[in-house]
Amino acid sequence: MIAKISGGKDTAGLIRYLFDTKKAKDHTGPHLVASWDGFAPDPGRADDFDTTKRRLVADLDLHVKQARRLGRAPEKHTWHCSIRAAESDRHLSDEEWADIARRVVAATGIAPDGDPDGCRWVAVRHAPDHIHIATTKVRGDLRTARHWNDYLTADRELAAIEKEYGLHQVVRGDRTAAKRPTRAEQEKARRQGRTTTSREQLRTTVRQLVSIATSPEEFLHLLDGVDGVRLDVQHFPSGDIRGYKVAVEGDTNAADEPVWFSGSQLAPDLSFPKIAERLTGIEGASPVQSGSGRRPNPWHQATAAAERIPHHLDHTDDTVAQAHIAAFAEALDILPLLAPYHLQAQLQQAALAFERASRSRIHAQQDQARALRGAIRALRTTPATGDGSGLAMFLDIAVLVVIAAARWHQARHHDQQVAAAHQTLIHLQAASEHAAAQPLTALAQRKPPARTMEHHAQQIRAVLPDHADQVLADPAWPALAAALAQAETAGHDPQQLLQHAARQRTLDDARSTARTLTWRIQRLGERHAPGPRAQATHAPHAAVHPAAPQQPQARRR
């Protein structure tokens, strides 16, 4: 059940709307199902409709008029709450709707149980699937009703009602979601021929810039340079930055002034203080590898950092876990800027969906995810060009991260975040399949001879007995064999690489075990190969400590 609450100052107009059957064609048979005392006049069942309606308005307004004579009546004295059941719910009886109405007005403070001075209210039913509660907010003792947080208290009561009545249980949030565009904003965008509102466009722009900025100052500098976006930075008297607001160029109000949005109006985590907290002290790119003369591949670094996120979700406290989920959201935000054109739409949808999963009521311990944020920002100078293997291996791990994030949120009853993570998976898995096709095909074309393939197959059976059949039957197996052969040519021991790859993280969530192993072997194979002495030292250790067997689990789809 979903409640919508609003206020007004015209009791007669509200009652006129609730009982109207001429302009509102979907209003059929309007009638009262409950009232403050059970004896309120019901225009829907009276022979003289107009006279009864005037009596009902007068009765509802009685305490308002008394308080007005004393100068104590609020200007907006009406309270209107509509309660709608899900389409899949059975049709409730009038008696059941009456019980629901009484519980809601009691929970919200409009008419508490056992309070003889509660506000006057009526519940009107004019359709099978919903009711409207109309009330005046002046109590019998002429005080104004205390109904703070009425939406939250009504929603909590409706959640209990859903369980007791066996109705569809609505996915509920924790008030950390970004504010949705208003209907006026949506209509304005349609009139202007735009598919997104100014609020949505600016939210996406700001989130993407936060994902590539390395300091609060750089964020504002990048934002100031975006075409079609106006920026206004506010300062304290000391000169320190207090906040910022943005507007789409050409989007004006009736007074021909820009329609500004502060960061917090775009999303709770886009206020300047929140952005500054995330961007302060981000680690830079990794230094040049000793003896190699080059920096590590940024895509490999970002993938390795992302691969550790499920460990943080399982083995660290919630504030650290939340920080890594938020940092991973920044990785998804940056991907549409770096990916080939044919992948951008799916990746953009994945980023937009995961935006909801990136926040919760748990405060993130941001300093615990700075290394991950640094690895993400190193990607901005490395677009996903060439064979695309860097992006493909990152997306393969990203799918596992989203699955882990969904489980983490589910364990904490973050219903909206779980739904958002599942929606993200749809887009991310599609993008991952497309991104992997070209680099896997290129690798498979370099598969080794049959004898070498069989040798590597024996190593798979020895190191991964629980996954061997699945790996060897996977279409990506030739690509994995090619990756193992390349690593062996570079001086690595393929069996030791497989053991290392298997220990990095469980393979049970991977959609394609062979593909995940291929990307891990490629990353490990690019590292400097150990010398003969190091291999001899490591060999007995590997024999004594083989890769731990993994119990097969149901595969996530």
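It should be noted that the structure appears before, not after, this text.
This text gives an overview of the structure that appears in the document.

## Description of the environment of Ala 302
Okay, so step 1: Turning to its location among the elements, Ala 302 is positioned in helix α11 (residues 298-307).
Okay, so step 2: C-alpha separation for the pair Ala 302 and Arg 373, spaced 71 residues apart in sequence, amounts to 8.8 Å.
Okay, so step 3: Sequence-distant contacts of Ala 302, defined by excluding residues within four places in its chain, comprise Ala 375, Leu 379 and Phe 394.

## Focus: helix α2 (residues 49-60)
Okay, so step 1: Here α2 contains 12 residues, and its C-alpha end-to-end distance of 17 Å stays within 8% of the 16 Å for a straight helix at 1.5 Å per residue.
Okay, so step 2: Those residues of α2 that sit buried are Thr 52, Lys 53, Leu 56, Val 57 and Leu 60. The arc that holds every buried residue of α2, seen down its axis, measures 140°, which confines them to one face.
Okay, so step 3: Packing partners of the buried residues in α2 comprise α1 (11-18), α3 (62-69), β4 (121-127) and β5 (130-136).

## Let's talk about the nonpolar core
Okay, so step 1: Core analysis: the largest hydrophobic core is formed by 106 residues, its most contacted members being Phe 219 and Tyr 244.
Okay, so step 2: Counting 28 residues, the second largest nonpolar core, distinct from the first, contains Leu 92, Ala 98, Ile 100 and Ile 133.

## Notes on the pattern of salt bridges
Okay, so step 1: Following the criterion strictly, the structure yields 31 salt bridges and no others.
Okay, so step 2: When the shortest N-O distance is used, the salt bridge between Asp 141 and Arg 139 registers 3.1 Å.
Okay, so step 3: Since its relative accessible area comes to 8%, Arg 139 is described here as buried.
Okay, so step 4: Residues participating in the shared-partner salt-bridge network are Arg 207, Asp 269, Arg 278, Glu 330, Asp 333, Glu 355, Arg 359, Arg 373 and Arg 377.

## Remarks on the layout of surface pockets
Okay, so step 1: Considering only enclosed or pocket space, the largest pocket measures out at about 1700 Å³ in volume.
Okay, so step 2: Every residue lining the largest pocket is counted, 41 residues in all, and those nearest its centre are Ala 177, Ala 178, Arg 180, Arg 356 and Gln 416.
Okay, so step 3: In terms of residue count, helix α7 (residues 198-212) provides more of the lining of the largest pocket than any other element does, seven residues in total.
Okay, so step 4: Per-class residue counts for the lining of the largest pocket are 15 nonpolar, 11 polar and 15 charged.

## Examining the state of the cysteines
Okay, so step 1: Scanning all chains against the criterion turns up zero disulfides.
Okay, so step 2: Note on Cys 81: no disulfide assigned, nearest cysteine sulfur contributed by Cys 119 at a separation of 14 Å.

## Describing the sheet that holds strand β8 (residues 261-262)
Okay, so step 1: Here we have three strands laid out as an open sheet, ordered β6-β7-β8, and antiparallel in their pairing. With partners counted over all chains shown, the strands left at the sheet margins are β6 (229-235) and β8, one partner each.

The rules we used
- Counting starts from 1 at the beginning of each chain's written sequence and moves along it residue by residue.
- In keeping with the predicted nature of the model, local features appear solely for residues at pLDDT of at least 70, side-chain atom pairs appear and are counted solely at 80 or more, and the whole-chain, interface and lining totals rest on all residues.
- Side-chain numbers come from the whole structure's heavy atoms, not from hydrogens or water.
- The secondary structure listing takes helices from DSSP runs of H or I that are at least 4 residues long and strands from runs of E that are at least 2 residues long, numbered from the N terminus.
- Contacts are assigned to residue pairs that have any heavy atoms within 4.5 Å of one another.
- Under the convention used throughout, the expected extent of a helix is 1.5 Å for every residue step, that is, one less than its residue count.
- Burial classes: relative accessible area under 20% of the type maximum marks a residue as buried, over 50% as exposed, and values in between as partly exposed (1.4 Å probe, protein chains only).
- The arc in question is traced by the directions running from the helix axis to the C-beta atoms.
- Among buried residues, those of type Ala, Val, Leu, Ile, Met, Phe, Trp, Tyr and Cys that are joined through side-chain atoms within 4.5 Å constitute a nonpolar core.
- Salt bridges, as used here, are contacts in which a Lys or Arg side-chain nitrogen is within 4 Å of a carboxyl oxygen on Asp or Glu.
- A pocket here means an open set of points on a 1 Å grid, computed over the protein atoms alone, that has protein on both sides within 12 Å along at least five of seven lines. A cavity is instead a set of points where a 1.4 Å probe fits but cannot get out; residues with an atom within 4 Å of a point line either one.
- Grid points are joined across faces, edges and corners, and a volume is the space filled by probe spheres set on the points.
- Nonpolar residues are Ala, Val, Leu, Ile, Met, Phe, Trp, Tyr, Cys and Pro. Charged residues are Asp, Glu, Lys and Arg, and all others, Gly as well, are polar.
- Cysteine sulfur pairs qualify as disulfides if the two atoms are within 2.5 Å.
- The pairing criterion is simple: DSSP has to find at least two bridges between the two strands.

Just geometry here; none of it tells us what the structure is for.
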